[in-house]
Amino acid sequence: MLHIIDAFSRIGEENAFAVLARATELQRQGRDIINLGIGQPDFRTPENIVEAAIKALRDGHHGYTPATGILPLREAVSADLKKRFNVDVSPELVMIVPGGKVTMFMAILMFGEPGAEILYPDPGFPIYRSMIEFTGAKAVPVPIREENGFAFSADETLALITPKTRLLIINSPANPTGGVTPKSEIDKLVKGLERFPDVAIMSDEIYAQMTYDGEIHQTLLAYPEIRDRLILLDGWSKTYAMTGWRMGYSVWPKPLYDAARKLAVNSFSCVNASAQYAGLEALTGPQDAVHAMVAEFDRRRKVVVEGLNKLPGVSAATPKGAFYAFPNISKTGWRAKPLASALLEEAGVATIGGPDFGVYGEGFIRLSYANSTENILRALERIENFLNEHSQK
Ligand code: PLP
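Residues numbered from 1 in each chain as written. Predicted model: local features only at pLDDT ≥ 70, side-chain atom pairs only at ≥ 80, totals over all residues. Heavy atoms only, no water.

Draft legend 1. Structural context of the environment of Gly178. As for its position among the elements, Gly178 is in the loop between β5 (165-171) and α7 (183-193). On a C-alpha basis, the gap between Gly178 and Thr162 in space is 28 Å, while along the polypeptide they are 16 residues apart. Setting aside chain neighbours within four positions, we find Gly178 in contact with Pro319, Lys320, Gly321, Ala322 and Tyr324. (Helix = DSSP H or I, 4+ residues; strand = E, 2+ residues; numbered from the N terminus. Contact = heavy atoms within 4.5 Å.)

Draft legend 2. Structural detail: the sheet that holds strand β6 (residues 200-204). Taken in spatial order, the 7 strands make up an open sheet running β2-β8-β7-β6-β5-β3-β4, and their pairing is mixed. In this open sheet, the two strands that pair with only one neighbour each are β2 (94-97) and β4 (138-143). Sheet twist, expressed as the average angle between the axes of neighbouring strands with direction ignored, equals 20 degrees. As paired strands, strand β3 (residues 117-122) and β5 are joined by 3 bridges and run parallel to one another. Its bridge partner lying in β5, Glu117 is registered against Thr165. The sheet contacts of helix α3 (residues 71-85) involve β2, β7 (230-235) and β8 (248-251), and relative to β2 the element is tilted by about 115 degrees. In this fold helix α4 (residues 100-111) packs onto β2, β3, β5, β6, β7 and β8, with an angle of close to 160 degrees to the strand it touches most, β7. (Pairing = 2+ DSSP bridges. Axes fitted to C-alpha atoms, helices over the stretch in contact; angles between N-to-C directions.)

Draft legend 3. Highlighting the packing of helix α1 (residues 15-28) against helix α11 (residues 336-347). The interhelical angle for the contact between α1 and α11, taken along N-to-C directions, is 25 degrees, at an axis separation of 10 Å. When the axes of α1 and α11 are compared, the pair comes out roughly parallel. Here α1 runs over α11; the crossing is right-handed. Residues Asn15, Val19, Arg22, Ala23 and Leu26 of α1 touch α11, and the partners they reach there are Lys337, Leu344 and Glu345. The residue inventory of the contact of α1 with α11, partitioned by class, reads 4 nonpolar, 1 polar and 3 charged. (Parallel < 35°, antiparallel > 145°, perpendicular 65-115°, else oblique. Left-handed = near helix turned anticlockwise from the far one by under 90°. Nonpolar A, V, L, I, M, F, W, Y, C, P; charged D, E, K, R; others polar.)

Draft legend 4. Quick look at the nonpolar core. Counting 131 residues, the largest nonpolar core has Leu81 and Trp236 as its most contacted members. It is helix α10 (residues 288-309) that provides the largest number of residues to this core, a total of 7 residues. Both of domain 1 (6-44 + 288-389) and domain 2 (63-284) provide at least three residues apiece to this core. Residues in contact with Leu81, not counting those within four places in the same chain, are Asn86, Val87, Val89, Leu221, Leu232, Tyr249 and Val251. (Core = buried A, V, L, I, M, F, W, Y, C linked by side-chain atoms within 4.5 Å. Buried < 20%, exposed > 50% of the residue type's maximum accessible area, 1.4 Å probe, protein only. Domains from an automatic or database assignment.)

Draft legend 5. Layout of the environment of Leu81. Secondary-structure assignment places Leu81 in helix α3. Between the C-alpha atom of Leu81 and that of Trp245, which follows or precedes it by 164 residues, the distance is 21 Å.

Draft legend 6. Representation of the environment of Gly115 in the model. Inspection of the secondary structure puts Gly115 in the loop between α4 and β3. Of the residues examined, Gly115 reaches a relative accessible area of 54% and is grouped as exposed. As a C-alpha pair, Gly115 and Arg166 span 51 residues in sequence and 10.0 Å in three-dimensional space. Ignoring anything within four residues of it in the chain, the contact list for Gly115 reads Gly136 and Lys164.

Draft legend 7. Representation of the packing of aromatic side chains. Under the counting rule described, the total for this entry stands at 13 aromatic pairs. Relative to Phe297, the ring of Phe43 has its centre 5.5 Å away and its plane inclined at 70 degrees; by these criteria the two rings are edge-to-face. Taken together, the positions of Phe43 in the loop between β1 (34-35) and α2 (47-58) and Phe297 in helix α10 put the pair 254 residues apart, joining distant regions of the chain. For Phe43, a relative accessible area of 26% translates into the label partly exposed. (Phe/Tyr/Trp six-rings, centres within 6.5 Å; stacked < 30°, edge-to-face > 60°.)

Draft legend 8. Seen up close, the pairing of β3. The buried count for β3 comes to 6 of 6 residues, which makes it a mostly enclosed element. Neither face of β3 is exposed, since Glu117, Leu119 and Pro121 on one face and Ile118, Tyr120 and Asp122 on the opposite face are all buried. Note that β3 and β4 share 6 bridges and pair parallel. Looking at the pairing, Ile118 lines up with Ala139 of β4. For the segment spanning β3, helix α5 (residues 126-135) and β4, crossover handedness is right-handed. (Right-handed = clockwise from strand over helix to strand, strands pointing away.)

Draft legend 9. The arrangement of the site of the ligand in detail. Lining the immediate surroundings of the ligand are 14 residues, of which Gly100, Asp204, Tyr207, Ser237 and Lys238 lie closest. In the environment of the ligand, a nitrogen atom lies 2.6 Å from a nitrogen or oxygen atom belonging to the side chain of Asp204. Between Tyr207 and the ligand, the recorded distance is 2.7 Å, taken from a side-chain N or O atom to an oxygen atom. When the free accessible area of the ligand is taken as 390 Å², the share hidden by the protein chains comes to 93%. Tallied by class, residues from the shell around the ligand come to 5 nonpolar, 5 polar and 4 charged. (Near = heavy atom within 4 Å. Polar contact = N/O pair within 3.5 Å; in protein donor to acceptor, adjacent residues only side chain to side chain. Areas by Shrake-Rupley, 256 points an atom, 1.4 Å probe, with all protein chains shown as cover.)

Here you go:
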């Protein structure tokens with residue numbers, strides 16, 4: 001009899017991958033499925049980035065790199081943060097990791113244990129809660145509310161901090177809501193955090209470059225008063241359409257850097273060398289492809305929001321960031337997960353039920369608009385037909 005540790009009875013996962021598997025299975029059976037479930041850009045990685053990886057392989061970059069990443073790449077991350085936010089971050093505090101997820105994995109492992117509490121956004125990226133519970137810590141949801149434009153509330157967040165709180169996770173622009181928290185609210189949060197100097201903060205800013213309607217992303221790096229306890233999570237997956245390359249980075253406060261480096265040495269050793277050269281080209285090469293992708297997401301965002309608001313019983317706030325819409329479906333009479341499942345099985349449209357992002361996600365479904373306008377319009381039409389036929393359920 002094998003004795004796997006108890007913690008595995010508490011680990012969760014991302015239902016988006018299960019939906020993707022089911023959608024793929026239905027497609028294999030010959031069904032025409034429109035996938036608005038998965039959270040990845042539908043664009044190819046820009047050619048100059050692909051070429052840089054090929055060149056790195058040809059040039060012989062086949063071995064291990066330093067565990068924290070190649071120095072030119074860490075320097076490029078620092079330069080990029082300076083350019084985007086005018087903040088000074090030493091390359092010595094930057095770590096290259098295999099995907100954005102790895103930063104949250106490390107941060108949660110560093111602070112989670114039985115007796116500790118970790119605050120995380122709900123609805124939010126499902127891995128936060130999964131990993132917190134895996135460590136035995138108590139996962140304390142910070143409600144993210146529609147009436148607040150899906151921004152987090154500084155007051156509500158601060159009120160949940162107790163003497164047991166070790167780590168606060170925040171995410172803006174946010175998955176699954178597309179919410180962007182305004183600077184005024186972040187100022188207020190940082191001010192309030194002065195009262196809790198023992199609480200570390202992990203800011204997941206992986207969608208930082210995807211904001212719309214002139215909304216400006218406010219990085220937590222801009223607050224010197226919390227830099228000694230701030231972990232920044234960012235990466236290449238979304239911005240450069242590089243989800244499959246597994247390229248992310250973290251900025252750590254000095255006292256935590258060595259712990260993160262040791263976790264790297266004990267697990268992945270270093271990120272794929274050629275992918276790091278691709279990441280270097282992404283940051284230092286032309287940014288036109290990023291701007292073009294964001295402009296295209298913006299066009300689709302308008303199409304999806306307008307279309308959703310015409311559906312019976314559906315109302316959708318206008319997302320200010322990322323590439324998700326999170327419409328309220330409570331007036332359709334459906335609960336979110338059965339609706340998402342029926343939309344996939346009967347209408348051929350993959351979406352994700354809000355409860356897959358936490359208990360406060362009931363009443364909502366998530367649609368990713370990382371799909372063509374044509375497919376989005378077809379999906380909206382299918383959802384409309386479905387709701388008209390099934391409105392009384
Ligand atoms: N953080 C958020 C909020 C995300 O939505 C995602 C991916 O969906 C990640 C982190 C993880 O990104 P990566 O694919 O680089 O691990």
